[in-house]
Amino acid sequence: MDIDPEDLFRDSDDSDDEFLQEREPSKEFVVYLVDASPKMFLPASKEVGKGKTHFHVAISCISQSLKTQIINRSYDEVSICFFNTREKKNLQDLSGVYVFDVMDREFLDRPTARLIKEFDNVEETFMKEIGSQYGINADARENSLYNALWVAQALLRKGSIKTSAKRMLMFTNEDDPFGKIVGAAKADMIRTTLQRAKDAQDLGISFELLPLSMPDDEFNVSRFYADMIGLEGNEVTQFLPSAGEKLEDMTDQLRKRMFKKRKVKGITFFIANGISIEVNSYALIRPTLPGAITWLDSVTNLPLKSERSFICADTGALLQEPAKLVFPYKSKNIKFSTEELSELKRVSSGHLRLLGFKPLSCLKDYHNLRPSTFIFPSDEEIIGSTRIFIALHCSMLRLGRFALAFYGSSSHPQMVALVAQEEITSSSGQVEPPGMHMIYLPYSDDIRHVEEYHRVDNDAAPQATEDQIKKASVLLKRINLKEFSVCQFANPALQRHYGILQALALDEDEMPEIKDETLPDEEALSRPGIANAIEEFKVAVYGENYEEESKAAATKTSGPAARKRKVMAETAVKECANYDWPDLAENGKLKERTVVELKFYLTAHSLPVSGKKEDLISRILTHMGK
């Protein structure tokens, strides 16, 4: 059977030339187009919220998108453009278009805290400073929608289409912007507007529409915008639900670092007899960490550049030559350069080398100690890599084998297992791509037997009874999360971290509310079926009298000894209040106090009271920040 590598292993973003790999856009330029006509200030539908206008919904979505963009894609640049306005502000001096901006910022630039703060309050001053009006007038031959597209296209001239993605995002609740115009004037305006949109799309600028339906009138995209976007057939009926989901996603975005699919590195895969191919590796799961700390100058607030210099201990002169590393050997100092030492430590060149094949049954679940890496062939450097990879991939699937290979850097060489993954498709498209998972195999020391760490007095580790296993199985079935995915839960620590940064940057009085989705669902766990399963499992493991025994143990902790400690603590607090401890510490008079008096302070503040008098004084000074 002939297999076409272009069809089987073609990436969704690949070009027609199998030997040409385009660079993925590293930046995104977005222009938000917001309709400011009087119709946008009417009450929105009940689903959006009582008392809110569509203009408020658009402003909220953009504001939330800007806040999350600083975290997700801090190098992307945005511009906010209102059309159908009374005032005008744009480089082309076109009527009905107002580009919102703040000082010390270009019209299309990275979002700043000042931009977000002023944009959050734009509704309060919009009517006074910008104003709203119907900007499409047949008598005056004005077409504010055409002008807005022209201004947005001019803003998006910045950057190259090869290294950046450009798009316009429009918010409007008017499905027929030329409805009040009739005859040849309307046809002419529609033609020129559609041509302007097509010219922008020919330049690589994508156009997205977020329609806002009126309470009693659903947005009809087929009246005008279907031709502008290029919707055909079933796409027209499916557009409104998908646009509603996109609008909801913009409103409820989480504070999280987002990573696009980018290759980690290119690897040379040595197979046998001098045959080698090129593969790209992709990280499937990556830890999400807060951004790196940037040191700033205390006066200018500009980033600092750190430099390191070596000073001679004998002369005090700055060393200009690179440092040498020394190792003593037989009363002599053997000098090494950094490059020589790195070469001595090198175990592997970092390439992937095939060693052999084994049945899939030899690969155990506990061998997977860290997230695997996905590898995919590439013909960019070595032509024919895809065809050889396909032959290897198909043979491994047919024979049920995985490849054992050697891979690693000079600091961490290790064995890996290459497991072939078959392509999985559905009616909606590709679900899983074909390729191989590179699983990092553990060393023998990494595999620990649980029984060795749970033995009591050299006896065998305790084993669960049949009844306990049965009750545990019932409990697991009850609390099983269907269609579970780690992507459903946000990291509460990161949420709080970004919430604090947002509050500081925007001078907000309150922290944004952070919902910890990792906490147990108390309401679901209190259901009768789950509660009974939990109780039966607890009784099977701990026995029926476990709660009474726990209460008895708690009573012991509140016995005479505990009451005595409580009385001592209360006495220490009263005695501690009789001294001016800051004054004693400031004037160096703590040495004049007795050990008993010093322990009053330590006990009142729940600090250790052990050690000599000097230790007690040092502990008090440390606690007071002296």
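Residues numbered from 1 in each chain as written. Predicted model: local features only at pLDDT ≥ 70, side-chain atom pairs only at ≥ 80, totals over all residues. Heavy atoms only, no water.

Going by the annotation in an unreviewed UniProt entry, the name recorded for the chain is ATP-dependent DNA helicase 2 subunit KU70, with Acorus calamus given as the source organism. In the Catalytic activity (unreviewed entry) part of its UniProt record, the chain is described as follows: "ATP + H2O = ADP + phosphate + H(+)". UniProt's Subcellular location (unreviewed entry) comment on the chain is quoted here verbatim: "Nucleus". (UniProt positions renumbered as here; feature names shortened; annotations may be inferred.)

1. A closer look at the overall build of the chain
Secondary structure summary: the chain contains 19 helices and 18 strands in total. A buried classification covers 33% of the 626 residues belonging to the chain. Sequence separation of 24 or more characterises 67% of the internal contacts of the chain that already satisfy a separation of 6 or more. Approximately 40700 Å² of the chain is accessible, and the part contributed by carbon and sulfur atoms is 52%. (Helix = DSSP H or I, 4+ residues; strand = E, 2+ residues; numbered from the N terminus. Buried < 20%, exposed > 50% of the residue type's maximum accessible area, 1.4 Å probe, protein only. Contact = heavy atoms within 4.5 Å. Areas by Shrake-Rupley, 256 points an atom, 1.4 Å probe, with all protein chains shown as cover.)

2. Quick look at the sheet that holds strand β6 (residues 164–172)
Across the sheet, which stays open at both edges, the 5 strands sit in the order β3-β2-β1-β6-β7 with mixed pairing between neighbours. Strands at the two margins of the open sheet, each flanked by one partner only, are β3 (97–100) and β7 (205–211). Here the strands of the sheet are splayed against their neighbours by 20° on average, with no regard to which way each runs. In terms of strand pairing, β6 meets β7 through 7 bridges, oriented parallel. Pairing of M170 across the sheet is with L209, part of β7. (Pairing = 2+ DSSP bridges. Axes fitted to C-alpha atoms, helices over the stretch in contact; angles between N-to-C directions.)

3. What about the environment of I334?
Tracing the chain through its elements places I334 in strand β11 (residues 332–336). Owing to a relative accessible area of 32%, I334 belongs among the partly exposed residues under this scheme. A C-alpha to C-alpha distance of 9.8 Å links I334 and K324, two positions 10 residues apart in sequence. Apart from residues no more than four positions distant in its own chain, I334 is found in contact with L325, V326, F327 and Y329.

4. Some points on the pattern of salt bridges
Inspection of the entire model under this criterion finds 18 salt bridges. Between D93 and K88 there is a salt bridge, and its shortest N-O distance comes to 3.4 Å. Here R191 makes a salt bridge to D188, at a shortest N to O gap of 2.6 Å. In this pair, R191 and D188 are both assigned in helix α6 (residues 183–202), 3 residues apart and thus about one turn of the helix distant. Assessed through its relative accessible area of 53%, R191 is described here as exposed. (Salt bridge = Lys/Arg side-chain N within 4 Å of Asp/Glu carboxyl O.)

5. Observations regarding the pairing of strand β2 (residues 77–83)
Most of β2 is tucked away: 7 of the 7 residues are buried. Residues E77, S79, C81 and F83 point to one face of β2 and V78, I80 and F82 to the other, with burial holding for every one of them. With 7 bridges joining them, strand β1 (residues 27–35) and β2 adopt parallel strand pairing. Bridge pairing in β2 links Y32 to I80. In the sheet, β2 pairs with β3 via 4 bridges, with the strands oriented antiparallel. If you follow F83 over to β3, its bridge partner there is V97.

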